[in-house]
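Descriptive structure summary
The chain contents come next:
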Amino acid sequence: MTNVLYIEKRTLSMTQLRKALLLSSAMIGIAFLAILDIVPQEVAQFSPFLLLALFSGAWLRRDCSCNLLKRGAA
């Protein structure tokens with residue numbers, strides 16, 4: 001039983017790592033596109049905040065209290 005829990009925990013952490021890497025690569029990509037003048041500077045300036053708001057699962061835990069999709073008893 002312990003081995004199964006370890007594997008599940010490791011799978012969840014790897015998924016969290018992938019989400020964080022995807023989010024950071026999207027931020028770097030938008031910054032690179034702004035350097036090449038493909039994306040306007042104003043859009044690139046506020047895009048990290050927008051990405052953090054849209055993909056909050058990448059930087060918040062799965063069982064956090066800020067999860068809007070999770071229905072919990074008050």
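This report concerns the structure included in the present document. (Residues numbered from 1 in each chain as written. Predicted model: local features only at pLDDT ≥ 70, side-chain atom pairs only at ≥ 80, totals over all residues. Heavy atoms only, no water.)

**Looking at the overall build of the protein**
The criterion, for reference: A helix here means a DSSP run of H or I that spans at least four residues, while a strand means a run of E at least two residues long, and both kinds are numbered starting from the N terminus. Working definition: with a 1.4 Å probe on protein chains only, accessible area under 20% of the residue-type maximum means buried, over 50% means exposed, and in between means partly exposed. Areas reported as accessible are Shrake-Rupley estimates using a 1.4 Å probe. Residue values count occlusion only from the protein chains shown.
Regarding its fold elements, the protein presents two helices and zero strands. Burial status across the protein gives 11% buried among its 74 residues. For the protein, the exposed surface amounts to about 6700 Å²; the carbon and sulfur share of it is 68%.

**Comments concerning unusual backbone geometry**
Phi at Asp37 takes a positive value of approximately 60 degrees, unusual for a residue other than glycine. By secondary structure assignment, the location of Asp37 is in the loop between helix H1 (2-35) and helix H2 (41-54).

**Side note on the environment of Gln41**
Within the fold, Gln41 resides in helix H2. Sequence separation of Gln41 and Ile30 is 11 residues, and the distance between their C-alpha atoms is 9.9 Å.

**With respect to the environment of Phe49**
Mapped onto the fold, Phe49 is located in helix H2. Sequence separation of Phe49 and Met27 is 22 residues, and the distance between their C-alpha atoms is 9.7 Å.

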